[in-house]
Amino acid sequence: MTTTVPIVRQRGWARTFIRNPAGVFGLVTTVALVSCALLSIVWTPYDPVHTDVLSKWHPPSSAHLLGTDNIGRDIFSVLLAGSRVTLQVAVGSALVAAVVGVVFAALGSLTARWFREIIAVLIDILIAFPTLLIAMMLASALGGSIMVVIVAVGISFGVNVGRVSRPEIRRVSRSEFVTAGIAAGLGPVRNLTRHTLPNVAPVFIVQLSWCMAVAVLAETGLSYLGYGAPVSTPSWGRVLAELQSYIGIHPLSVVWPGLAITITVLGFNLLGDGLRDATDPRLGRPEVITA
Amino acid sequence: MTLRARDLTVNIGGRTVVDAVSFDVADGDRLGIIGESGSGKSMTALAMLGLLPDGATATGSIRLDDREILGLPDRELARLRGSRIGMVFQEPRTSLNPIRTIGRQIMEPVRIHQRLGRAECRSRALELAKLVALNDPETLLSRYPHQLSGGQRQRVGIAIALAAEPQLLIADEPTTALDVTIQAEILELFDRLVDALGTSLIFITHDLAVLQSIVARALVLERGQVAESGSVEDLLRAPASPIARRIVDAARATSWQKPEAP
Amino acid sequence: MIRFVITRLALLLLGLLVASALIFATLRILPGDVAQVIAGTDSTPEQVEAIRSSMGFDQPLLTQYIDWISGIVTGDLGHSMLTGASVTSQLVEKAQVTFPLTVMSLAIALIIAVPLGILSALKRRTFTGSAMSMVSQAIAAVPVVWAGMLLVVVFAVGLGWFPPQGFPRDGWDEPARALYALILPALTIGVVEGAVLLRFIRSAALEALGQDYVRTAAAKGLTRTRALITHGMPNVALTVVSVLALQIAGLLVGAVIIEQLFTLPGIGRMLVTDVGNRDLEKVQGDVLVLTGLVLVLGTVVDIVARLIDPRQREAAA
């Protein structure tokens, strides 16, 4: 129908993003996470791994902001230190996912037709592997560690990134400036790095923020099952697992780590949503399983 | 049936897309609304049915037989839609439900407004399919929209709009998406049906040639406002407003290039 | 249509084959000497070697893989390296907990997500609508373990309505108690996955709401809400069906964690134990069955989607 098409003024994506409160919330929580992680390197109110049986189960007070746990650790300090593990897992997974994604997207879009179809089928098969199962397979062969979480999330989300960005790379690689690049004598790899990837970057960045959300959830789940962070490391997932037996007596203690995880995951999700809305509203959230 | 619109105004997100538009349509009357895209034609039509997009608000007055219908709750408006006012949309490709058979879609207004049995509905659908001159109506009723041509689909759209025997038919650019040859057929169909059924008609278009072939009286809309109104003949002979002049000039230019066009 | 089904089944078979190869490769090629683990730290190299050959680990990998695969064809998924129990029979036994748990979770997720997803789409410009959208977004970010703990705190510890954990020893011989034990776990998974599903349904409903044919239906005399429900819903259903296979993968993952939290003797808890024991042959079987399930459901969903949609039905014919 020839209705009035509302005139949308062209704005930069950054301005569109800033006007979206959900996206800004995502950005703020992300910055807060990074700040907490950096801060915890130089300062925490108490030693996060110091145990003191005499001061266990202190209620929240000015001395212990969130109280102490079953072995007398200051919960606030543990959470602050735990943000480092969370950030590590989030960034690590995103990096692995980016590499896996680029490889799949490039192989699935720039190669010969028969090879592209094989990659497409392979992606469909790999998507069926839940992140948690990949991680558990790796853990059963290598033992549990943060690295296992990073690799598992990176691979499973990377496949998804590959699937989503494949059509995008094909579109860009057929566009005129890329053809011009080839005409100017750029090789396929240089053309990929110089022209194609910068143009697909928005898709990637959006996907990777969602990947970080999945990574945080996966770390929680796997650390809870005992295949993520090792016992001695202060990690949000581990804290949840360790406090589980006491939820009947000290229910408040599990509220804090859970809240920290939820806000972080929500933040990464909203950051991704906000960036998507600001750069390319056509893209939907991936149908990836929350671990 | 009479329809009176007074100072009809539609706002979307702080923008006024229809601005104090007034018109009357008497029983059996035909009114054309012409304007360029974005002039508020479709919004005027949708406001009459209470089908404005979300976030749009309408003020002013629309009276159907002395009953104010603007601002009625959706439940009340739904009773008028189809039974008192039928509407044909522009895009036959997307206006039909892709996963329902043509027969079910034509029958639906009948089922909603008239309590008829299954067999009666079916025979009524067949009757309607014949009315809009669809070929092989029997098999066509059990087909899906994607199996039909654009012209056939628009005939189905007309059958749906007329199914519950409304006294007013609103057609929003019903021929714009069609080939020129099909356009002429569909216009001829409108002309014949509206005459035969005694239905009033509001016909919306951006094309003067189309307008001229179907109505004698029209409004010219520009940026939501009525720039000019009166007989199409006067409009062609002595367009008063700049926008009307532009439309007439544009139409002359095309017909001069293509003298065989209607 | 038949040709489509055949190609789709062939692809499924290929998918299962590739998946089995990937699982086998991941578990066997990665470093980590299972024989050493089984033998213990104070074992002699001879002992380790003996265990290795008794398990067939000294055979070439391809032979081991073909042995495994040919077993699967006859329904034999291998045996536990520790207890010698048949993987197939163990899976069947544990499925008696996991299967009802997953079905109940899915039912709860759908009961929550379908009506609320549509409602939040319809009311998206009101306070209720945006509140619903925000709440669902927040719940979708909750780790399922934590959700479980909170529900236990409120409904088991606080109100005492449900047992905080456990499953009756006699299992389904005590149907009422068994069902009762599964309610809180299913609710946990159902609420979290329901929030994820709600967002898909909301966007599908929003898309349907903008369709011209929904407007046509309203112009026929339906209220806008009814037009969306009767004409938009089948298309929303298509979306739901297409994300359901992956959603079920999410439910299975949720079940692994939730079975641990509520100490339910299901496949998930068994898998956690097997991974802890480095019982590779068993992990291999467990993972293949779970992944295979997702692949099979994906195929079923694909075929069902074709059946619902006349356009695709024709394209496939």
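Residues numbered from 1 in each chain as written. Chains lettered and ligands numbered in written order. Predicted model: local features only at pLDDT ≥ 70, side-chain atom pairs only at ≥ 80, totals over all residues. Heavy atoms only, no water.

1. Focus on the overall build of chain C
Step number 1: The number of helices and strands found in chain C is 13 helices and zero strands.
Step number 2: The linear arrangement of helices and strands in chain C, starting from the amino end, is α-α-α-α-α-α-α-α-α-α-α-α-α.
Step number 3: Its C-alpha atoms put chain C at 85 × 55 × 35 Å along the principal axes.
Step number 4: The burial tally for chain C puts 51% of its 317 residues in the buried class.
Step number 5: If you take every contact in chain C between residues at least 6 apart in sequence, the share linking residues at least 24 apart comes to 71%.
Step number 6: A total of about 13,700 Å² of accessible surface is found on chain C, and carbon and sulfur atoms cover 67% of it.
Step number 7: The distance from the centre of the 22 positive side-chain charges to the centre of the 22 negative ones in chain C is 20 Å. (Helix = DSSP H or I, 4+ residues; strand = E, 2+ residues; numbered from the N terminus. Buried < 20%, exposed > 50% of the residue type's maximum accessible area, 1.4 Å probe, protein only. Contact = heavy atoms within 4.5 Å. Areas by Shrake-Rupley, 256 points an atom, 1.4 Å probe, with all protein chains shown as cover. Lys, Arg positive; Asp, Glu negative; His and termini not counted. Charge placed at Lys NZ, Arg CZ, Asp CG, Glu CD.)

2. With respect to the packing of aromatic side chains
Any aromatic ring pair is given by two values, namely how distant the centres are and how the planes are angled relative to each other.
Step number 1: Under the criterion given, the structure shown has eight aromatic pairs over all chains.
Step number 2: Between the aromatic rings of F190(B) and F203(B), the centroid separation amounts to 5.6 Å while the plane-to-plane angle is 85 degrees, which identifies the pairing as edge-to-face. Placement of F190(B) in helix α7 (residues 180-197) and of F203(B) in strand β8 (residues 200-205) is noted, with a sequence separation of 13 residues between them. As far as burial versus exposure is concerned, F190(B) and F203(B) are alike and both buried.
Step number 3: Members of the aromatic cluster, connected to one another through ring pairs, are F24(C), Y65(C) and W68(C). (Phe/Tyr/Trp six-rings, centres within 6.5 Å; stacked < 30°, edge-to-face > 60°.)

3. Section: the domain arrangement of chain C
Step number 1: Domain annotation of chain C identifies domain 1 (2-73) and domain 2 (95-277).
Step number 2: Taking the mean C-alpha position of each, domain 1 of chain C and domain 2 of chain C sit 35 Å from one another. (Domains from an automatic or database assignment.)

4. Focus: the side chain of R153(B)
Step number 1: With respect to the secondary-structure elements, R153(B) resides in helix α6 (residues 150-162).
Step number 2: Of the side chains with opposite charge, E91(B) comes closest to the buried, unpaired R153(B), at an N-O distance of 6.9 Å. (Salt bridge = Lys/Arg side-chain N within 4 Å of Asp/Glu carboxyl O.)

5. Quick look at the pairing of strand β6 (residues 85-88) of chain B
Residue and element names in this part refer to chain B.
Step number 1: Side chains of β6 alternate between two faces, with I85 and M87 and G86 and V88 buried alike.
Step number 2: In this sheet, strand β7 (residues 168-172) lies alongside β6 in parallel orientation, the contact comprising four bridges. When the sheet's bridge partners are listed, M87 is paired in β7 with I170. (Pairing = 2+ DSSP bridges.)

6. Re the sheet that holds strand β9 (residues 217-222) of chain B
Residues and elements named next belong to chain B.
Step number 1: What the six strands build is an open sheet, ordered β6-β7-β8-β3-β9-β10; its pairing is mixed. Only two strands of the sheet have a single neighbouring strand rather than two, namely β6 and β10 (225-231). Sheet twist, expressed as the mean angle between neighbouring strand axes with direction ignored, is 15 degrees.
Step number 2: One ladder, built from five bridges, connects strand β3 (residues 30-35) with β8; its direction is parallel. Looking at the pairing, I34 lines up with T205 of β8. (Axes fitted to C-alpha atoms, helices over the stretch in contact; angles between N-to-C directions.)

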